[in-house]
Structure formats: C-alpha cells, structure tokens
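# Observations on chain architecture
Residues per chain are reported as follows:
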Amino acid sequence: MIPKILDFEEMVSLYVKILKKTITDTELELFKYNLDISCCVPVAIFFKLNSDAKKILGKEEWSKLYSPDIEREFHSGPIETKS
C-alpha cells in the first residue's frame, strides 16, 4: 500500500503533534514519508513548518516545545511517541 500524500496543512498538523509528542507511530511514518518525497532540502521544509506551527501554537507555547535538534532526530533515530 502506498502511503497518502499529505497537503501542507496536514503536514503542519502532524508537526504540531510531533512538537507536543502526541503523534502515533503510524502518523510519524506518514510524516517522514511525505518529508522524504516533498523536497531535497528538508531544512527549507522545517523552516516553513516551524513558522506555521508557531502561528498555530503561539510563540510562547511553541518556544517551550521546540528544540533545534528535532530536525536531526528524523535522520538519526526514532522520536519518542505515544501510540
């Protein structure tokens, strides 16, 4: 089965779940799949995701949740998730 291709709003929604650590393993795999196929420069994608997540969460909540290491976690190993 081919995973779903998400639109950007769906990617932002999953990214907010990642920041809040409320994402399921299945949603995380879907997010990773879409990130891999969406762009050769993931840093640009994360910049846009962070910008939109900050608007949704508010600067204060976003700054409590965001870690600059989150982008590296996608390439170096699993993120702690709730299933």
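What counts as what
- Residues numbered from 1 in each chain as written.
- Predicted model: local features only at pLDDT ≥ 70, side-chain atom pairs only at ≥ 80, totals over all residues.
- Heavy atoms only, no water.
- pLDDT = per-residue confidence, 0-100.
- Helix = DSSP H or I, 4+ residues; strand = E, 2+ residues; numbered from the N terminus.
- Phe/Tyr/Trp six-rings, centres within 6.5 Å; stacked < 30°, edge-to-face > 60°.
- Buried < 20%, exposed > 50% of the residue type's maximum accessible area, 1.4 Å probe, protein only.
- Lys NZ or Arg CZ within 6 Å of the ring centre and 35° of its normal.

Per-residue confidence for the protein gives a mean pLDDT of 85; residues scoring 70 or more make up 83%. When mean pLDDT is compared element by element in the protein, helix H1 (residues 8-20) scores highest at 96, while helix H5 (residues 70-76) scores lowest at 74.

Moving on, we get to the packing of aromatic side chains. As enumerated under the stated definition, the model contains 3 aromatic pairs in all. Seen from their ring centres, Tyr 15 and Phe 46 are 5.7 Å apart, and the 65 degrees between their planes marks the pair as edge-to-face. Highlighted residues: Tyr 15 in helix H1 and Phe 46 in helix H3 (residues 42-57), separated in sequence by 31 residues. Ring centres of Trp 62 and Tyr 66 lie 4.8 Å apart, and the angle between their planes is 10 degrees; on these two criteria the pair is classed as stacked. Just as Trp 62 is buried, Tyr 66 falls in that class too. Three or more aromatic residues joined by ring pairs form one cluster here, namely Tyr 15, Phe 31 and Phe 46. The ring of Trp 62 has Lys 54 lying over it, and the distance from NZ or CZ to the ring centre is 4.3 Å.

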